[in-house]
Amino acid sequence: MIPFNKPYAPEHISMSVAKKILKAPLGDETQHHLTVDTLRVNHGILSDRQVVFTQSATQALEIMALCMDLNAHDEIIMPSFTYAATANAFARTGARIVFADIDPYTLNISLETVAPLITKHTRAIIPIHYGGISADLDGLIKLIKGSEIRLLEDAAHGIGANYKGKALGTIGSMGCLSFHHTKNITAGGSGGALIYDSFWHEQVQACLYQGTNRSAFLDGKVPVYHWEQLGGEFLMTYYHQLFLEKALPDLDWVTNRRLKISNDFFNFLTSDYNFDEHITFQKTVEGANGNGHIFPIILRDEALKRDLMTYLKANGIHAFTHYEPLHMSRAGRKYGDTRVSLESTERIASRLLRLPLYATLTDSEVEKILEHLKLFLKGRC
Ligand SMILES: *Cc1c(COP(=O)(O)O)cnc(C)c1O
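Note that the coordinates shown come from a computational prediction; the quantities given were computed from them, not determined experimentally.

A.B. asks: What should I look at first to understand the side chain of Gln241 in this one?
C.D. replies: Within the element layout of this structure, Gln241 appears in helix H9 (residues 238–247). A polar contact is formed between the side chain of Gln241 and the backbone nitrogen of His32, at a distance of 3.1 Å.

Structural data, given as structure tokens:
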């Protein structure tokens, strides 16, 4: 059986982590610094950006929402074609979620789909960089230039990917990465990172210390500390920081392997066999360099997608659909506004299938997947 995903855990991790954990200086920040440095080097985070590791990308999004100090009059624009985590973090503040359509080629929100939704209440725009392929960030930045609207990146898919040489998650005002076990690199089950520019430093520190100014107290700037705003308990555990530090140096290898497999899929489906009328692919905007996080294929219609998924499963290959558009969900209708047609989102969500893709997928497993795709498609197309 070829599963849809296998979490990446380098074999050398278990021993070194096990040894260190026995004498872990819990509460000490040394490990956090080490892991931040490793992320900086491997993901390419410039020194003008701060990094904090959280227990999940969801928590990093929650910190962003707290820092923005949102209320019920505020509006946050995001794709409907995303995971509920993107919306939850902001909806729980009382702010309205405003759903933008995706561009049918890039599968991301764009200048054209976001522009009609901007009002005087808009506080932030949140692209998600679907499959690790960047949204057209220059377009979105152009749209908010000169306004107070923030660009916040949900780069949960984006570890190892960049836009015009800048690491995803480091381009907006704040951004997050995910190290959940379904993502390209995991911190050992779950984990996330919040990346932000220094404008937010005090706010982020307050959120990390339960909304108090304990950070200023620790720096000797105030004699006592107080509860000043909402915050929480967000820091990634020592164990996960250690695991992540050991896994991150394999990022290049993981990314290259995933890109190689994606290329094999793509070349097979476009050159060896021409299924043009039946299958289309996610397109890359200029300057976006992906990380092979997802290989989505968009089938001609919903029935073909369903049949292919069933056929692959019967042959031991797990392929999956993806997001149910949030605007069509119960909570999406309650917490979100659908002000324009989200036609591309609905059409694509119903026809998209993700092939198995992970770094340790072997060449013979890739062959098997391609062989079965060929058998199915030749019979149907
Ligand atoms: C995985 C994912 C998240 C949540 O990441 P966690 O680390 O599991 O909290 C958020 N947004 C998107 C687009 C994701 O795919």
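A.B. asks: Can you walk me through helix H2 (residues 30–44) in this structure?
C.D. replies: Note: α-helices contain 3.6 residues per turn, so residues at a spacing of three or four share the same orientation. For H2, with 15 residues, the first-to-last C-alpha span of 21 Å sits near the 21 Å given by 1.5 Å per residue. Looking at H2, one finds that the buried residues are Gln31, His32, Thr35, Val36, Thr38, Leu39 and His43. Viewed along the axis of H2, the buried residues span an arc of 165°, placing them on a single side of the element.

A.B. asks: What's the story with the pattern of salt bridges in this structure? I'm lost.
C.D. replies: Two side chains of opposite charge can pair, provided their charged atoms sit close to one another. Counted under the stated rule, the structure contains 13 salt bridges. As a salt-bridge pair, Glu75 and Arg339 come within 3.0 Å of each other at their nearest N and O atoms. Of the two residues, Glu75 sits in strand S2 (residues 75–79) while Arg339 sits in the loop between strand S13 (336–337) and helix H13 (343–351), which places them 264 residues apart along the sequence. Judged by its relative accessible area of 8%, Glu75 is buried.

A.B. asks: Quick question: what am I supposed to make of the domain arrangement of the protein here?
C.D. replies: The accessible area lost on association of the parts is a frequent measure of interface size. Under the domain assignment used here, the protein contains domain 1 (11–250) and domain 2 (251–378). Distance between the C-alpha centres of domain 1 and domain 2: 26 Å. Listed per partner, the contact involves 49 residues of domain 1 and 47 residues of domain 2. Of the roughly 3800 Å² buried between domain 1 and domain 2, counting both surfaces, carbon and sulfur atoms make up 57%. Among the residues domain 1 hides against domain 2, the three largest losses belong to Phe81, Phe99 and Asn184. Together they make up 18% of the total. Counting across the domain 1 and domain 2 interface gives two salt bridges. Listing elements by their share of the side of domain 1 that touches domain 2, those giving two or more residues are H2, helix H4 (84–91), strand S3 (96–100) and strand S6 (162–163). It is S3 that contributes the most residues to the side of domain 1 that touches domain 2, five residues altogether. Here the side of domain 1 that touches domain 2 is built from residues that sort into 26 nonpolar, 16 polar and seven charged.

Rules used in this analysis
Residues numbered from 1 in each chain as written. Predicted model: local features only at pLDDT ≥ 70, side-chain atom pairs only at ≥ 80, totals over all residues. Heavy atoms only, no water. Helix = DSSP H or I, 4+ residues; strand = E, 2+ residues; numbered from the N terminus. Polar contact = N/O pair within 3.5 Å; in protein donor to acceptor, adjacent residues only side chain to side chain. Expected span 1.5 Å × (residues − 1). Buried < 20%, exposed > 50% of the residue type's maximum accessible area, 1.4 Å probe, protein only. Arc of directions from axis to C-beta. Salt bridge = Lys/Arg side-chain N within 4 Å of Asp/Glu carboxyl O. Domains from an automatic or database assignment. Contact = heavy atoms within 4.5 Å. Buried area = accessible area lost by both parts, 1.4 Å probe. Nonpolar A, V, L, I, M, F, W, Y, C, P; charged D, E, K, R; others polar.

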